Amino acid sequence: MVAPKVAVVGAGVIGLSTALCIAETCPSCSVTVLSDQFSPNTTSDVAAGMLIPHTYPDTPIHMQKQWFKETFTYLFAISNSAEASEAGIHLVSGWQVFKNTPKEELPFWSNIVLGFRPMSEEELRKFPQHRFGQAFTTLKCDCPPYLLWLEKRLEATGVQMRTRKVADLWELHSEYDVVVNCAGIGAHQLVGDMELFPIRGQVLKVHAPWVKNFIRDGDGLTYIYPGVHSVTLGGTREKDSWNLSPDPGTTKDIFERCCSLEPSLRGAQDIKVKVGLRPSRQSVRLQREVLSQGGVKLPVVHNYGQGAGGFSVHMGTAKEAARLVGECIAALQGSSSRAKL
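Residues numbered from 1 in each chain as written. Predicted model: local features only at pLDDT ≥ 70, side-chain atom pairs only at ≥ 80, totals over all residues. Heavy atoms only, no water.

The test is simple: UniProt positions are given in the numbering used here, feature names are shortened, and annotations may be inferred rather than shown by experiment.
Per an unreviewed UniProt entry, the protein goes by the name D-aspartate oxidase and belongs to Corythaixoides concolor. According to the UniProt record, the Function (unreviewed entry) comment for the protein is "Selectively catalyzes the oxidative deamination of acidic amino acids. Suppresses the level of D-aspartate in the brain, an amino acid that can act as an agonist for glutamate receptors. Protects the organism from the toxicity of D-amino acids. May also function in the intestine." The protein has a UniProt comment under Sequence similarities (unreviewed entry) that states "Belongs to the DAMOX/DASOX family."

Brief notes about the pairing of strand S9 (residues 214-217)
Applied cut-off: With a 1.4 Å probe rolled over the protein chains alone, any residue whose accessible area is under 20% of its type maximum counts as buried; one over 50% counts as exposed, and the rest are partly exposed. Secondary structure is summarised from DSSP: a helix means a run of H or I of at least four residues, a strand means a run of E of at least two, and numbering begins at the N terminus for each. Strands are treated as partners if at least two bridges between them are detected by DSSP.
The alternating pattern of S9 places Phe-214 and Arg-216 and Ile-215 and Asp-217 on opposite faces, both of which are buried. Sheet topology places S9 next to strand S10 (residues 223-226); two bridges connect them, and they run antiparallel. Looking at S10, one finds that Arg-216 is bridged to Tyr-223. The turn joining S9 and S10, which pair antiparallel and follow one another in sequence, is formed by five residues; a positive phi near 80° is taken by Gly-220.

As for the pattern of salt bridges
To be explicit about the condition: By convention in these notes, a salt bridge is any Lys or Arg side-chain nitrogen within 4 Å of a carboxyl oxygen on Asp or Glu.
For the structure on display, the rule yields 19 salt bridges. A salt bridge links Glu-24 to Arg-153, with the nearest nitrogen and oxygen atoms 2.8 Å apart. With Glu-24 in helix H1 (residues 13-25) and Arg-153 in helix H5 (residues 143-156), this residue pair connects regions lying 129 residues apart in the sequence. One salt bridge in this structure joins Lys-272 and Asp-270, with 3.0 Å as the shortest N-O distance. Connected through salt bridges with shared partners, the residues Arg-288, Glu-320, Arg-323 and Glu-327 form a single ionic network.

Quick word on the state of the cysteines
For clarity, the cut-off: Disulfides are defined as pairs of cysteine sulfur atoms found within 2.5 Å of each other.
Using the criterion set out here, one finds one disulfide in the structure. Shown here is the disulfide that connects Cys-26 with Cys-29, its sulfur atoms set 2.4 Å apart. The disulfide joining Cys-26 to Cys-29 has a torsion of about 70° about its S-S bond and is therefore right-handed. Given the relative accessible area of 15%, Cys-26 is considered buried. As a non-bridged cysteine, Cys-141 has Cys-143 as the owner of its nearest cysteine sulfur, 6.3 Å distant. Take Cys-141: its relative accessible area is 0%, and that puts it in the buried class. We note that Cys-258 lacks a disulfide partner, and the nearest cysteine sulfur, in Cys-259, lies 7.2 Å from it.

Side note on the packing of aromatic side chains
By convention here, two paired aromatic rings are described through the distance between centres and the angle between planes. Convention followed: Pairs were defined over the aromatic rings of Phe, Tyr and Trp, the Trp ring being its six-membered one, requiring ring centres within 6.5 Å. Orientation was assigned from the angle between planes: stacked under 30 degrees, edge-to-face over 60, tilted for the rest. Throughout this description, the term charge over a ring refers to an Arg CZ or Lys NZ atom that lies within 6 Å of the ring centre and within 35 degrees of the ring normal.
In total, this model carries twelve aromatic pairs according to the counting rule given. A ring pair is formed by Trp-109 and Phe-136, whose centres lie 5.2 Å apart and whose planes are at 65°; its orientation type is edge-to-face. In this pair, Trp-109 sits in the loop between strand S3 (89-98) and strand S4 (114-118) while Phe-136 sits in strand S5 (residues 132-141), placing the two residues 27 residues apart along the sequence. A relative accessible area of 3% places Phe-136 in the buried class. Where Tyr-223 meets Tyr-225, the ring centres are 4.7 Å apart and the plane angle is 15°; that geometry is what we call stacked. A relative accessible area of 5% means that Tyr-225 is categorised as buried. Put simply, the rings of Trp-109, Phe-116, Phe-136, Phe-214, Tyr-223 and Tyr-225 touch in pairs and so form one group of aromatic residues. Positioned above the aromatic ring of Phe-197, the side-chain terminus of Lys-239 is 4.5 Å from the ring centre.

Put into structure tokens, the structure is as follows:
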């Protein structure tokens, strides 16, 4: 079999990292990323990029932990390298605070982040509305630089990137041997996934260089995440809203909520508003499927539905998707060698 041709549909953090893993684990493959949008116009560009896992109710916890651990290990190595600044990856310490003690005082990821511990009484005095908290150090990706860094890595490994709107995976069957669906919220239409729904997120990017620590309300709705060039203030979780227009009332509400946690933010300047639609499901869709029409078969690997937790698990799910692509290619090579007999 000549070099297998693989198409990855989607150029957010899931698509780019999946393409990179395929290129690295299957050097004989020819890999092409197809998307109608590249950075800075993807949903991933809006994301805060903090490594604090979201929980998927229908995905086994051991798998979620494995994905997070692989992603954390991968990004931690970059944060310790000369490429950290270009890739926009850095360590950040801070607090997750709760108005009431959570049922789970030790989340499944507590031994993967660094220095996880309960907050002291003295630390909690900073947050008079909250009764319990956790302190730890995690990683933050500044999203546009990280996506550009991934694109550069892809180009260096010979992966092609093409601007193309894919309306149906079938349109790729004559050009590619395997198709990988990393279309994010676009999979709702692309493959008719009715289990996939948008959770609208509106965030503010502000200039407040004195803010060095992250602060996250335990409900996950209000958060302050300092990056290299700006601080991300959030947010919203509006299920089934497809509206990409910023809402001024929501902007005011986010700003007030964040100022109640960190009053010094009242001095923040250069406020920009961003909106993204998180591709959400009860479980991440990470599986092989063989589409067939009129006796023609098209192997497909799906990798989407990471919702609010895409950055936290992107490299773990990308490695698994690359493994599934390897299985597809082995099956194709097996069938082609059988056909020759």
